[in-house]
Amino acid sequence: MKLTLTGNQSNAWGVKLARVQVVAAYPITPQTTIVEELAEFAANGELDTQYIKVESEHSAMAAVIAAENTGVRTYTASSSHGLALMHEMLHWAAGARLPIVMGAVNRAMGPPWNIWADHTDTISQRDTGWMQFYVESNQEVLDTIIQAYKVAESKDVMLPAMAIEDAFILSHTVETVEIPDQELVDEFLPPYDPPEYLNPKDPKGFGSLVMPDFYMEFRYLMYKAQEAARKRIREVTKEYAEIFGRDYHGLVEEYRTEDADVVMVGAGTMISTARDVVDKLRSEGHKIGLVKLRVFRPFPYEEIQEIAKRVEVMGVMDRSFTHGYGGAMFNEVKAAVYNTDARPKMKNYLIGIGGRDVTAKMLEDTFRNALKVREHGLDEEIMWVDLKGGE
Amino acid sequence: MVKTTVPRDEYMMQGHVACQGCGATIAMRYVLKALGDNTIMTIPACCWAVIPGVWPQHSLKVPLLYTAFEVTGAALSGIEAALKAKGQDDEINVLGFAGDGGTADIGLQALSGMAERGTNALYVMYDNEAYMNTGIQRSGSTPFGAWTTTTPVGKKKEWKTEFKKSVAEIMVAHRIPYVATASIAFPEDLYAKVQKAKSIKGPKFIQIFSSCPTGWKHSPDITVEVARKAVLSHMFPLYEVENGVYKISQKPKPIPVKEYLKLQGRFRYLDEEAIEKIQEHVDREWELLLKKEEFTQSL
Amino acid sequence: MRDKPYKPKTWKELPYATITDVPSTFNNTGTWRTVKPVIDYDKCISCMICWKFCPDVAISIVPNPKEGAKFDEVPKIDYFFCKGCGICAHECPVKAIDMVQEESK
């Protein structure tokens, strides 16, 4: 079945197909239409779920943590300030090893108030232990929700995951979306079978005090789980492609990088536009390619290291500003390559902050700038793209 | 067999790590006696987040979800929703067990949300009248006149200068089916109230006065006596509010509040004027409670 | 719940999450005690008030070992757990419990 859906509707469809048993959510622009759609599904009996109308995002995450710990599949969604309010409980969900999946709709942080696309909200949650999938299209939103549950609930993973879509560009924009058959989804994603849960017949405690003698080892288990997740994401994406015919290439998707001297790395909706820009520059004879960071957590260091061996320049586009020396994606890409023999020049482009449209023209200028780095060397490491008045 | 006033079954195990003479453990013991082991419990940050023991130890015969300080109410809604999804909501009791800081202060929003949403769960606030687990800091539930580490008296005699917030009355204002106060000094009454709460569907709230030798600066052997005198002096009246109708559980001829205050080091700085102020406040609150009982009888 | 204490040596022996399943009854909280309650069974009236108020569930109700005694059951203190708070002695209506100083071993 094909439907025309907004990114947020597509997100809700993913939740419905995943047969989520408990939803807890609180409204915030631009996420709200996800939970409205889910409320409609529940009210019409199309989705057999318990919908908790909580009084804050913090409580939304707390409620799904408690529900998931009681042994059911759960979902919530948020954006920006709502995600920031959840921060404490995001740590809790991951530390408690609960495979919750949430829809995160990227929006800038205030002040000043700004409701448009910007990755600062989710990038700021990169240290919580959640897996992060940055998606590019409304179709990918739906497919990622289903895949995320499969990865998260794997016994060797048991970590929560965010399916992340850009505000308005996806959330409120209609695209054609292929709805997979429920039976096929059911086969791909069987009912949640938690290894442990709150059970009066087997009374255990969940999340007690752990002294310094073992806290570190429990954190190490989370590290091992992220390592296992990198493998699982590749397997699950492949399996999904075989069944449903859409391949998202694991953690990183490369576009025309096979003989590239210069690659541009980015995440989210800018990737779609960037594909066209790569085509244009290729038609002019430039050996340029594109790397889509689909998954930022677990970080795809192996893929990045392998690409770095083949190229002379890596331009990393961050749609967030994290007040450090360059963007977070730039820093992680650079760090992953530093101790290898590869020595591509690396340049950071801060782009599309606070919902500034990332136009084809803007990307073309950026990509040409990266091509220039190849010819003339690195002039500056960090560049604010489309900054009025220049730097 | 000797007749006991409360059942013999125990769901709180020996070997927990509460302080000597801890009132909050007596509260837990009787709440669980009344609810039984077909219960799922959640506990936020508070003394009871530590009392069950360090990993991998557990001292309760019910499954326990530890959670963050301010989320007990939300966690209750989550557990209830999951049980509904599994079709087990009619058979398993859902219990939140939180301290006064986690209830009156940081957790008030989630508690209010849970009550307004109509979550079918029992929320127990064990009230030891300060943030005891972090080392005796004042909470919204600390009474007027108390020394705490953040109301340290000092040369300027700055004890807690505000009266205790009534969380029970806040919960009555939510129009939930059952609100009660109880005391560890009256286990039969406490047990009966939890049993009644268990039989009612919807959000239930019980505030249990739980003396704390460590924080109140009294010797551990008088834990129960202190709690008893709080009731006998009308400092902490025992009552229940069922669908808005007040019923005072006992109307003792009051002993002076001074008899209660003088047992505890936290009040030892108080001068006659301050004690008089507390007495007036307690008398006024008691009158108000009597009026509420009278006024709501016709409901 | 496990039937004995569990002391992992490496991260490989840990459960995937911090799940507690060792009963606290292996904890010898009796070592905290500096004074010890001793019941005088000649005075005890088996009212079980001591049992009722024990915060540590360290007092249990057991058959009276004395044959033909007035009460068929008596309270018994488990010193492995008793922390010596003294509530039992303070609440006893017939003063049948003495708090006795613990001596160094």
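Everything here concerns the structure above.
Keep in mind that this is a model prediction, so the values were computed, not measured.

Conventions used here
- Residues numbered from 1 in each chain as written.
- Chains lettered and ligands numbered in written order.
- Predicted model: local features only at pLDDT ≥ 70, side-chain atom pairs only at ≥ 80, totals over all residues.
- Helix = DSSP H or I, 4+ residues; strand = E, 2+ residues; numbered from the N terminus.
- Rg over C-alpha atoms; globule rule 2.2 N^0.38 Å.
- Pairing = 2+ DSSP bridges.
- Axes fitted to C-alpha atoms, helices over the stretch in contact; angles between N-to-C directions.
- Parallel < 35°, antiparallel > 145°, perpendicular 65-115°, else oblique.
- Left-handed = near helix turned anticlockwise from the far one by under 90°.
- Contact = placed C-beta atoms within 7 Å.
- Nonpolar A, V, L, I, M, F, W, Y, C, P; charged D, E, K, R; others polar.
- Buried ≥ 20, exposed ≤ 12 C-beta atoms within 10 Å, placed from the backbone.
- Right-handed = clockwise from strand over helix to strand, strands pointing away.
- Core = buried A, V, L, I, M, F, W, Y, C linked by C-beta atoms within 7 Å.

A. Quick look at the overall build of chain B. From N to C terminus, chain B includes ten helices and nine strands. A compact globule built from 299 residues should have a C-alpha radius of gyration of about 19 Å, and chain B, at 18 Å, falls within 12% of that. For chain B, the spread of C-alpha atoms along the three principal axes comes to 60 × 50 × 45 Å.

B. Just the sheet that holds strand 9 (residues 205-206) of chain A, in detail. Here ten strands make up an open sheet; going across it, the order is 9(B)-8(B)-6(B)-7(B)-5(B)-4(B)-1(B)-3(B)-9(A)-1(C) and the pairing mixed. Each having just a single partner strand, strand 9 (245-248) of chain B together with strand 1 (19-20) of chain C make up the two edges of the open sheet. Of the pairings in the sheet, the one linking strand 5 (residues 121-127) of chain B to strand 7 (residues 203-209) of chain B comprises seven bridges and is parallel in character. Note on strand 7 of chain B: the bridge partner recorded for Tyr 123 of chain B is Phe 205 of chain B.

C. Geometry of the packing of helix 1 (residues 7-17) of chain A against helix 2 (residues 32-43) of chain A. Residue and element names in this part refer to chain A. Relative orientation of the contacting elements helix 1 and helix 2 amounts to 45°, with a least axis distance of 8 Å. When the interaxial angle is binned, helix 1 and helix 2 end up oblique. In the crossing of helix 1 with helix 2, the sense of the turn from one axis to the other is right-handed. Touching Asn 8, Gln 9, Asn 11, Ala 12, Val 15 and Lys 16 of helix 1 are Thr 33, Ile 34, Glu 37, Leu 38 and Phe 41, all from helix 2. Considered class by class, the residues forming the contact of helix 1 with helix 2 number five nonpolar, four polar and two charged.

D. Broad picture of the interface of chain C and chain B. Taken together, the contacts link 35 residues of chain C with 33 residues of chain B. Within the residue set of the side of chain C that touches chain B, elements represented by two or more residues are strand 2 (22-23), helix 1 (49-53) and helix 2 (87-91) of chain C. When residues of the side of chain C that touches chain B are assigned to their parent elements, the largest contribution, four residues, is made by helix 2 of chain C. Where strand 2 (residues 57-58) of chain B and strand 2 of chain C come together, two bridges link them in parallel fashion. For Gln 57 of chain B, the partnering residue across the bridge sits in strand 2 of chain C and is Val 22 of chain C.

E. Region of interest: the interface of chain A and chain B. On the side of chain B, 38 residues touch chain A, which itself brings 37 residues to the contact. Going through the elements one at a time, strand 2 (22-25), strand 3 (50-53), helix 3 (57-69), helix 4 (80-95) and strand 9 of chain A are the ones with two or more residues in the side of chain A that touches chain B. No other element matches the nine residues that helix 3 of chain A contributes to the side of chain A that touches chain B. Pairing of strand 9 of chain A with strand 3 (residues 64-66) of chain B, which is carried by two bridges, proceeds in the parallel orientation. Along strand 3 of chain B, the bridge assignment pairs Gly 205 of chain A with Leu 64 of chain B.

F. Structural detail: the pairing of strand 5 (residues 101-106) of chain A. Residues and elements named next belong to chain A. Counting buried positions over the six residues of strand 5 gives six, a clear majority of the element. For strand 4 (residues 74-78) and strand 5, the ladder comprises four bridges, and the chain directions are parallel. From the neighbouring strand, Ser 78 faces strand 5, where its bridge partner is Ala 104. Handedness of the crossover is the feature at issue here: the chain leaves strand 4, passes through helix 4, returns alongside strand 5, and the resulting connection is right-handed. One ladder, built from six bridges, connects strand 5 with strand 7 (residues 161-166); its direction is parallel. Each bridged residue has a counterpart across the sheet, and for Val 105 the counterpart in strand 7 is Glu 165.

G. Structural view of the nonpolar core. Grouped together as the largest cluster of nonpolar side chains are 255 residues, with contacts concentrated most on Ala 62, Ala 63 and Ala 161 of chain A. Among the elements that make up this core, the one with the highest residue count is helix 1 (residues 23-35) of chain B (nine residues). With sequence-adjacent residues up to four places away left out, Ala 161 of chain A is seen in contact with Val 101, Trp 130, Met 131, Phe 133, Ala 148, Val 151 and Ala 152 of chain A.

H. Representation of unusual backbone geometry in the model. For the peptide bond that leads from Gly 110 of chain A to Pro 111 of chain A, omega is -5°, which places it in the cis range. Looking at the element boundaries, Pro 111 of chain A is found in the loop between strand 5 and helix 5 (120-123). Cis peptide bonds are those with omega within 30 degrees of zero, and the linkage from Trp 55 of chain B to Pro 56 of chain B qualifies with 5°. With respect to the element layout, Pro 56 of chain B can be found in the loop between strand 1 (39-43) and strand 2. In this model, Phe 168 of chain A sits at a positive phi of 60°, which is unusual for a non-glycine residue.

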